[in-house]
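# Observations on chain architecture
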Amino acid sequence: MIGDILPAAVRWSQSFTDRGDVELFPEERAVIANAVAKRQAEFTTVRACAREALAELGHAPSPLIPGTRGAPGWPDGVAGSMTHCLGYRAAVVGHAHEIAAVGIDAEPLQPLPDGVLEAISRPEERTVLAALTHSGAASPIAWDRVLFSIKESIYKAWYPVTGKPLDFPEASVRISPDGTFTARLLVPAPQLDGRPLTGFDGRWTTGNGLVVTSIVVQRAG
Ligand SMILES: CC(C)(COP(=O)(O)OP(=O)(O)OC[C@H]1O[C@@H](n2cnc3c(N)ncnc32)[C@H](O)[C@@H]1OP(=O)(O)O)[C@@H](O)C(=O)NCCC(=O)NCCS
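Residues numbered from 1 in each chain as written. Predicted model: local features only at pLDDT ≥ 70, side-chain atom pairs only at ≥ 80, totals over all residues. Heavy atoms only, no water.

## Regarding the overall build of the chain
Which entries qualify depends on this criterion: Strands are runs of DSSP state E lasting at least two residues, helices are runs of H or I lasting at least four, and both sets are numbered from the N terminus onward. Both definitions apply: the radius of gyration is a C-alpha atom measure, and the globule rule equals 2.2 Å times residues to the power 0.38. Accessibility here uses a 1.4 Å probe with only protein chains present; expressed as a share of the type maximum, an area under 20% marks a residue as buried, one over 50% as exposed, and anything in between as partly exposed. Contacts between residues were defined by any pair of non-hydrogen atoms, one from each residue, lying within 4.5 Å. Computed with the Shrake-Rupley method and a 1.4 Å probe, the accessible areas treat only the protein chains shown as cover for residues.
For the chain, the count of helices and strands is five helices and 10 strands. Taking 221 residues into account, the globule formula puts the C-alpha radius of gyration at 17 Å, and the chain, at 17 Å, falls close to it. Dimensions of the chain, computed from C-alpha atoms along their principal axes, come out at roughly 50 × 40 × 30 Å. Taking all 221 residues of the chain together, 45% fall into the buried category. Contacts spanning at least 24 positions in sequence make up 61% of the contacts within the chain whose residues lie at least 6 apart. As displayed, the chain offers around 10600 Å² of accessible surface, 53% of which is attributable to carbon and sulfur atoms.

This is how it looks when you write it as structure tokens:
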């Protein structure tokens, strides 16, 4: 699925089931030694995906350890992102000299629990969601979950390049029904690839009961 919403400059791998064919490094095993079975399974399977995607970039397997605030520690020269949710795991990587930032997220395509939309969204975003909901699409979409997933992708693209937290209302997202979105950052941000970082453009898709969202910032030139 995720391959449908990515540029050719990145490599990716996904899995709809958990995999037992990957050997974790001791440092990785230590991270999940005391975790519940679900966390062990998602951590292991998404690393199988990441190793496959990294192999396409020419990288041999190496430990992929969560760093500060959980951001994945990629090999030198790599930018990437990982996601896992019930029934889906995926990893996307690119050469850092070509790719400045990556953020991906997957979620079950179910409406958010009561009260969550109000906590994660801005008034103008809710206006667009209401218009999308009433736009008469043949099969209704849980647009609130699409917005949530987009905001998770924003954070995963944002954090590794800024090292700063970003609250949900600090980005204003406009979703288009054509499978794209734009996000405007409402907080000061550093430059990215020599340009002011004012927002992110991304893509979204649905299928298999999931929404998957992606941001890939390609370097100029
Ligand atoms: C970090 C966060 C985005 C993860 O999203 P999630 O839907 O819970 O989890 P997913 O399974 O999709 O993704 C988990 C993966 O994200 C990656 N990740 C975790 N923290 C990260 C960070 N700070 N930066 C980049 N990637 C991160 C990791 O690879 C992790 O997998 P791993 O622990 O197996 O290595 C979320 O828990 C969070 O803290 N959100 C609050 C901040 C936010 O979203 N702000 C919105 C800004 S508009």
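## Observations regarding the packing of aromatic side chains
Our working rule: Here the aromatic set is Phe, Tyr and Trp, taking the six-membered ring for Trp, and pairing holds for ring centres within 6.5 Å; pairs whose planes are under 30 degrees apart are stacked, those over 60 apart are edge-to-face, and all others are tilted. As a reminder, the over-ring test applies to NZ of lysine and CZ of arginine, requiring each to be within 6 Å of the ring centre and within 35 degrees of the ring normal.
What the rule picks out here adds up to four aromatic pairs. Measuring from ring centre to ring centre gives 5.2 Å for Trp143 and Trp204, while their planes differ by 80 degrees; the resulting arrangement is edge-to-face. Here the residue Trp143 occupies a position in helix α5 (residues 143-162), and Trp204 occupies one in strand β9 (residues 199-207), the gap between them amounting to 61 residues. Judged on exposure class, the residue Trp143 and its partner Trp204 are both buried. We note Arg47 situated over the ring of Phe43; from NZ or CZ to the ring centre the distance is 3.5 Å.

## Observations concerning the side chain of Arg89
Note the following rule: Side-chain atoms alone can form a polar contact between residues adjacent in sequence; in general such a contact is a pair of N or O atoms within 3.5 Å, and within protein one must be able to donate a hydrogen while the other accepts it.
Relative to the helices and strands, Arg89 is located in strand β3 (residues 88-95). A distance of 2.7 Å separates a polar atom in the side chain of Arg89 from a polar atom in the side chain of Asp18. Of note is the side chain of Arg89, whose polar atom sits 2.9 Å from the backbone oxygen of Cys85.

## Quick notes on the pattern of salt bridges
Let me state the cut-off plainly: Counted as salt bridges are all cases of a side-chain nitrogen of Lys or Arg within 4 Å of a carboxyl oxygen of Asp or Glu.
Considering all chains together, one arrives at 13 salt bridges under this definition. Arg39 serves as the salt-bridge partner of Glu42, at 3.2 Å between the closest nitrogen and oxygen. With Glu42 and Arg39 both in helix α2 (residues 37-57) and three residues apart, this pair spans about one turn of that helix. Notably, a salt bridge pairs Glu125 with Lys151, separated by 3.0 Å at the nearest N-O pair.

## With respect to the pairing of β9
Threshold: Strand pairing is assigned whenever DSSP detects at least two bridges linking the two strands.
Here strand β6 (residues 180-185) runs beside β9; their pairing, made up of five bridges, is antiparallel. From the neighbouring strand, Thr182 faces β9, where its bridge partner is Asp201. Note that β9 and strand β10 (residues 210-218) share five bridges and pair antiparallel. Pairing of Thr205 across the sheet is with Val212, part of β10. In this structure, the hairpin formed by β9 and β10 is closed by a connection of two residues, where Asn208 is found at a positive phi of approximately 55 degrees.

## Details of the environment of Val93
Mapped onto the secondary structure, Val93 falls in strand β3. In sequence terms Val93 and Gly179 are 86 residues apart; their C-alpha atoms lie 21 Å from each other. Residues in contact with Val93, not counting those within four places in the same chain, are Val10, Arg11, Ala53, Leu54, Leu57, Trp74, Val78, Ala79 and Gly80.

## Focus: α2
For the α-helix, the turn length of 3.6 residues means that residues three or four positions removed from each other point alike. Convention followed: Expected span of a helix: the number of residues minus one, times 1.5 Å.
Here α2 spans 30 Å end to end across 21 residues, near enough to the 30 Å set by a 1.5 Å rise per residue. Directly after α2, the chain includes Gly58, whose backbone phi takes a positive value near 95 degrees.

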